[in-house]
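# Analysis of the macromolecular model
The lines below spell out each chain.
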Amino acid sequence: MLFDSHAHIDDEKFDIDREEVIQRAIDNGVTGIINVGASMESSARSIALAEKYEGIYAAVGIHPHDAKDALDTDYEQLVRWTALDKVVAIGEIGLDYYYDFSPREVQRSVFIHQLDVARQTNMPFIIHDRDAHGDVLEILKKEAKGLKGVLHCFSGSLEMANEVIKMGLYVSIAGPVTFKNAAKLPEIVTKVPLEYLLVETDSPYLTPQPYRGKRNEPAYVKLVAEQVANLRGIELDVLAKATSENVKRLFGIS
């Protein structure tokens with residue numbers, strides 16, 4: 001019983017074998033996938049996937065890379081999409097100061113607008129944070145009080161993890177926890193309370209060992225979960241059950 005809390009199987013990299021990818025996930029014990037939008041177009045594809053497959057759920061949102069293209073009407077569309085049964089979150093939203101594909105002030109504005117959508121619709125959010133820890137934390141503290149959400153592919157410090165957990169937010173661990181240069185992630189994984197922990201693949205990106213360098217897919221969430229369980233000194237089944245329950249609680253999935 002595993003739940004991939006963050007994947008992009010609508011991506012064109014899966015166009016040739018999407019059915020097989022989904023079946024491999026099922027064969028590896030993955031009972032659910034949150035497919036996450038990164039633009040208005042990919043959000044629409046995410047909804048289509050969720051409507052087609054029983055165990056797939058959709059998040060809708062505008063990634064910081066695409067913030068420069070956001071329109072006022074997009075926020076209205078996000079609100080309308082949240083009325084659909086299998087849309088469970090606003091995301092992924094946030095800041096990316098590594099690539100800076102959108103101006104930082106635009107990223108911050110679009111991020112705040114989408115947190116407002118989450119508040120309007122009582123939806124949890126999914127945060128993308130790359131090299132922008134300080135601004136992400138500042139905006140969350142100011143704009144996300146009382147909201148639910150998760151920092152996906154967590155790359156901050158233990159101190160940051162503690163800060164977001166105090167806010168009632170979750171921390172999601174992806175493939176980098178399996179890398180030899182995982183740095184601070186192993187310690188963070190052991191310190192985050194189990195009830196605030198999720199696992200993910202971020203497919204097709206961030207492929208875990210031993211498949212690093214190849215396309216990632218939801219079946220590999222098992223490799224992430226095995227490493228997290230090993231670091232915490234617990235059985236895989238215990239970790240899988242707890243993180244799956246966390247996903248369902250956060251996203252309101254029965």
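Residues numbered from 1 in each chain as written. Predicted model: local features only at pLDDT ≥ 70, side-chain atom pairs only at ≥ 80, totals over all residues. Heavy atoms only, no water.

Under an unreviewed UniProt entry, the name given to the protein chain is Hydrolase, TatD family, and the organism recorded is Pelosinus fermentans B4.

Attention now goes to the packing of helix α2 (residues 40-52) against helix α3 (residues 72-81). Two elements in contact, α2 and α3, have axes separated by 12 Å at closest approach and are oriented at 10°. When the axis of α2 is compared with that of α3, the two are roughly parallel. Every residue of α3 that contacts α2 at M40, S43, A44 and I47 is listed here: D74, Q77, L78 and W81. Partitioned by chemical class, the residues of the contact of α2 with α3 number 5 nonpolar, 2 polar and 1 charged. (Axes fitted to C-alpha atoms, helices over the stretch in contact; angles between N-to-C directions. Helix = DSSP H or I, 4+ residues; strand = E, 2+ residues; numbered from the N terminus. Parallel < 35°, antiparallel > 145°, perpendicular 65-115°, else oblique. Contact = heavy atoms within 4.5 Å. Nonpolar A, V, L, I, M, F, W, Y, C, P; charged D, E, K, R; others polar.)

In this section: the UniProt feature "binding site: a divalent metal cation 2" (unreviewed entry) in the protein chain. The sites that carry the UniProt feature "binding site: a divalent metal cation 2" (unreviewed entry) are, in the present numbering, H128 and H152. For the residues just named, distributed over 25 residues, the greatest C-alpha separation is only 6.1 Å, placing them together at one site. Of the annotated residues named above, the ones that line the largest pocket are H128 and H152. Summarising the element assignment, H128 is placed in strand β5 (residues 125-130). Aside from chain neighbours lying at most four places away, what touches H128 is H63, P64, E92, I93, G94, L95, D96 and H152. Looking at H128, its side chain comes within polar contact range of the side chain of E92, at 3.0 Å. (UniProt positions renumbered as here; feature names shortened; annotations may be inferred. 1 Å grid on protein atoms, 1.4 Å probe; cavity = no way out; pocket = protein on both sides within 12 Å on 5 of 7 lines; lining within 4 Å. Polar contact = N/O pair within 3.5 Å; in protein donor to acceptor, adjacent residues only side chain to side chain.)

This brings us to the UniProt feature "binding site: a divalent metal cation 1" (unreviewed entry) in the protein chain. Look at the UniProt record and you will see "binding site: a divalent metal cation 1" (unreviewed entry) annotated at H6, H8, E92 and D202. In summary, the annotated positions, though distributed over 197 residues, converge in three dimensions, the widest C-alpha pair being only 11.0 Å. Here, the largest pocket is lined by H8, E92 and D202 out of the annotated residues. Of note, H8 is situated in the loop between β1 (2-7) and α1 (18-27). Owing to a relative accessible area of 7%, H8 belongs among the buried residues under this scheme. Of the polar contacts made by the side chain of H8, one reaches the side chain of H6; its length is 3.2 Å. Along the chain, the position of D202 falls in the loop between β8 (197-199) and α8 (221-232). (Buried < 20%, exposed > 50% of the residue type's maximum accessible area, 1.4 Å probe, protein only.)

Ordered by their spatial adjacency, 8 strands build an open sheet running β1-β2-β3-β4-β5-β6-β7-β8, and the pairing between neighbours is parallel. Each end of this open sheet is capped by a strand with a single partner; those strands are β1 and β8. Strand-to-strand twist of the sheet, defined as the mean angle between neighbouring strand axes without regard to direction, takes the value 25°. Set on the sheet, helix α6 (residues 158-166) makes contact with β5, β6 (149-151) and β7 (170-173); between it and β7 the angle comes to about 135°. (Pairing = 2+ DSSP bridges.)

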